[in-house]
Amino acid sequence: MQVFGKRDKHAVPNRGKTAMLLDYVWVIFGSFVVGLSFNAFMLPTHIASGGVAGIGIVLHWTLGWEPSYVLWAINLPVFFLGLFVLGRSFGYLDYTMKTLLGSVMLPFFIFVTANVPAATGSSLLGALFGGVGTGVGLGLVFRGRGSTGGTALAGQIIQKFSGISLGFCVSLLDTMIVLTSAFFMSLEAALYALISIYITAKMIDVVQLGFNTEKMALIISEKEDEMRQGILEEIDRGVTRIISQGGYTGDDRPMLMTVVSQSELTHLKQLVRSIDSDAFFIITNATEVFGKGFYTRS
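- The chain goes by UPF0750 membrane protein YvjA in an unreviewed UniProt entry, where it is assigned to Sporolactobacillus terrae.
- Its UniProt record gives the chain a comment under Subcellular location (unreviewed entry), which states: "Cell membrane".

Right under this line is the structure:
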């Protein structure tokens, strides 16, 4: 069995030792945040919001098992099963090592923070702030280009044999865990778990993409030259000219693409309307824009 080979698909650019070390710091710190949120919010309020941590909560409240032991007992066998079953498709060496690190450190931090006092006895607050903490922690792990294993890795294994998309496999596993919590604990706990899952997903996006959401505009106008000059000179943003074709007429229609900040959007809309009130104008979100005039993130 060859696990780590030369693979262009998963090739990692040479990022330097400091950047790679920082990745491991993110994985460890993110695991700590998830573990702390688990004991401060999720466990005391019975919020089993999917993942192996959700299994730990269900088994803790039904059988009295220690959650950290449950996570170790599931994460490590799943990790080594992934190495055996997935082989080279498991991932590059650096990712594999950080996945192993996350699989070990998350249960460890759940264990060492087990005596942290419950932050709230409210299921709603537990779901909300537990979701925030879990999302922030997982977002940091993902920023470190790592994983905490668990259902994400189990989903990869199921995908290999079923052909079902990875996202659906992971969602199916999380749904089964939530339904299990409804059966063994209460329907109300399962409903709060769904709220927590939603908050977690949103917070992962915030950590990964940030709060800065630029806007991308696509403009089709008969006054293309005037529109282009207005954007370049008045808003001081770059413009890309794209040759498009009308679906009905088949005629070539130049389309302008530009990216502006949130504060510049109103000015752009006013500019477009003042130059050509009949212009076809689309605005959509653009996250993590790199290049001149925009921020740069690792």
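That covers the picture; the talk isn't over yet.
**Describing the overall build of the chain**
So, step 1. Looking only at helices and strands, the chain features 10 helices and 4 strands.
So, step 2. Helices and strands appear in the chain in the N-to-C order α-α-α-α-α-α-α-α-β-α-β-β-α-β.
So, step 3. A burial count over the chain gives 43% of its 298 residues as buried.
So, step 4. Long-range pairs, those at least 24 residues apart, make up 74% of the contacts in the chain between residues at least 6 apart in sequence.

**Concerning the confidence of the model for the chain**
So, step 1. Per-residue confidence for the chain gives a mean pLDDT of 83, with 86% of residues at or over 70.
So, step 2. Across residues 1–12 the pLDDT falls below 50, and counting only partners more than four positions away or on other chains, this stretch makes 20 contacts in the model.

**A look at the pattern of salt bridges**
So, step 1. Under the defined criterion, the tally for this structure stands at 5 salt bridges.
So, step 2. Of the charged contacts in the structure, one is a salt bridge between Arg-241 and Glu-224, with a shortest N-O distance of 2.3 Å. With a gap of 17 residues between them, Arg-241 in strand β2 (residues 240–245) and Glu-224 in helix α9 (residues 224–235) connect regions that are remote in the sequence.
So, step 3. Judged by its relative accessible area of 47%, Arg-241 is partly exposed.

**Here we look at the UniProt feature "transmembrane region" (unreviewed entry) in the chain**
So, step 1. Mapped onto the present numbering, the UniProt feature "transmembrane region" (unreviewed entry) falls at residues 21–42, 69–87, 99–118, 124–142, 163–184 and 190–211.
So, step 2. Annotation note: span residues 21–42, helix share 100%, strand share 0%, distance between end C-alpha atoms 30 Å.
So, step 3. Within residues 99–118, the helical portion is 70% and the strand portion 0%, while the C-alpha atoms at the span's ends are 29 Å from each other.

**Let's talk about unusual backbone geometry**
So, step 1. A positive phi angle, close to 65°, is found at His-46, a residue other than glycine.
So, step 2. Counting through the fold element by element, His-46 comes out in the loop between α1 (17–42) and α2 (51–63).
So, step 3. Positive phi is not limited to glycine here, since Asp-236 has a value of about 60°.
So, step 4. Here Asp-236 shows up in the loop between α9 and β2.
So, step 5. A residue is classified by how much of its surface remains accessible, and Asp-236, at 61% relative accessible area, is exposed.

**As for the environment of Asp-205**
So, step 1. Within the secondary structure layout, Asp-205 lies in helix α8 (residues 187–209).
So, step 2. In this structure Asp-205 comes out as partly exposed when scored by relative accessible area, which is 40%.
So, step 3. Here the alpha-carbon distance between Asp-205 and Gly-135, two residues 70 residues apart in the chain, equals 8.3 Å.

**Some thoughts on the packing of aromatic side chains**
So, step 1. Across all of its chains, the model carries 9 aromatic pairs by this definition.
So, step 2. Seen in terms of ring centroids, Phe-41 and Phe-129 are 6.0 Å apart; in terms of plane orientation they differ by 25°. Their pairing is stacked. Here Phe-129 lies in helix α5 (residues 123–143) and Phe-41 lies in helix α1, a separation of 88 residues in the sequence.
So, step 3. Pairing Tyr-69 with Trp-72 gives two aromatic rings, centres 6.4 Å apart and planes at 25°, and the pair type is stacked. Of the two residues, Tyr-69 and Trp-72 are both situated in helix α3 (residues 67–86); the distance of 3 residues between them amounts to about one turn of the helix.
So, step 4. Residue classification places Trp-72 among the partly exposed residues on the basis of a relative accessible area of 22%.
So, step 5. Put simply, the rings of Phe-29, Phe-32, Phe-108 and Phe-109 pair up and form one aromatic cluster.
So, step 6. The ring of Tyr-24 carries the charged tip of Lys-98 above its face, separated from the ring centre by 5.7 Å.

**Observations concerning a nonpolar patch on the surface**
So, step 1. A cluster of nonpolar side chains, namely Leu-21, Leu-22, Val-25, Phe-29, Phe-32 and Leu-36, defines an oily patch on the protein surface of about 510 Å² accessible area.
So, step 2. You can call Leu-21 exposed: its relative accessible area is 58%.

The rules behind these values
- Residues numbered from 1 in each chain as written.
- Predicted model: local features only at pLDDT ≥ 70, side-chain atom pairs only at ≥ 80, totals over all residues.
- Heavy atoms only, no water.
- UniProt positions renumbered as here; feature names shortened; annotations may be inferred.
- Helix = DSSP H or I, 4+ residues; strand = E, 2+ residues; numbered from the N terminus.
- Buried < 20%, exposed > 50% of the residue type's maximum accessible area, 1.4 Å probe, protein only.
- Contact = heavy atoms within 4.5 Å.
- pLDDT = per-residue confidence, 0-100.
- Salt bridge = Lys/Arg side-chain N within 4 Å of Asp/Glu carboxyl O.
- Phe/Tyr/Trp six-rings, centres within 6.5 Å; stacked < 30°, edge-to-face > 60°.
- Lys NZ or Arg CZ within 6 Å of the ring centre and 35° of its normal.
- Patch = residues over 30% accessible without salt bridge, like charges linked within 9 Å, V, L, I, M, F, W, Y side chains within 5 Å.
- Areas by Shrake-Rupley, 256 points an atom, 1.4 Å probe, with all protein chains shown as cover.

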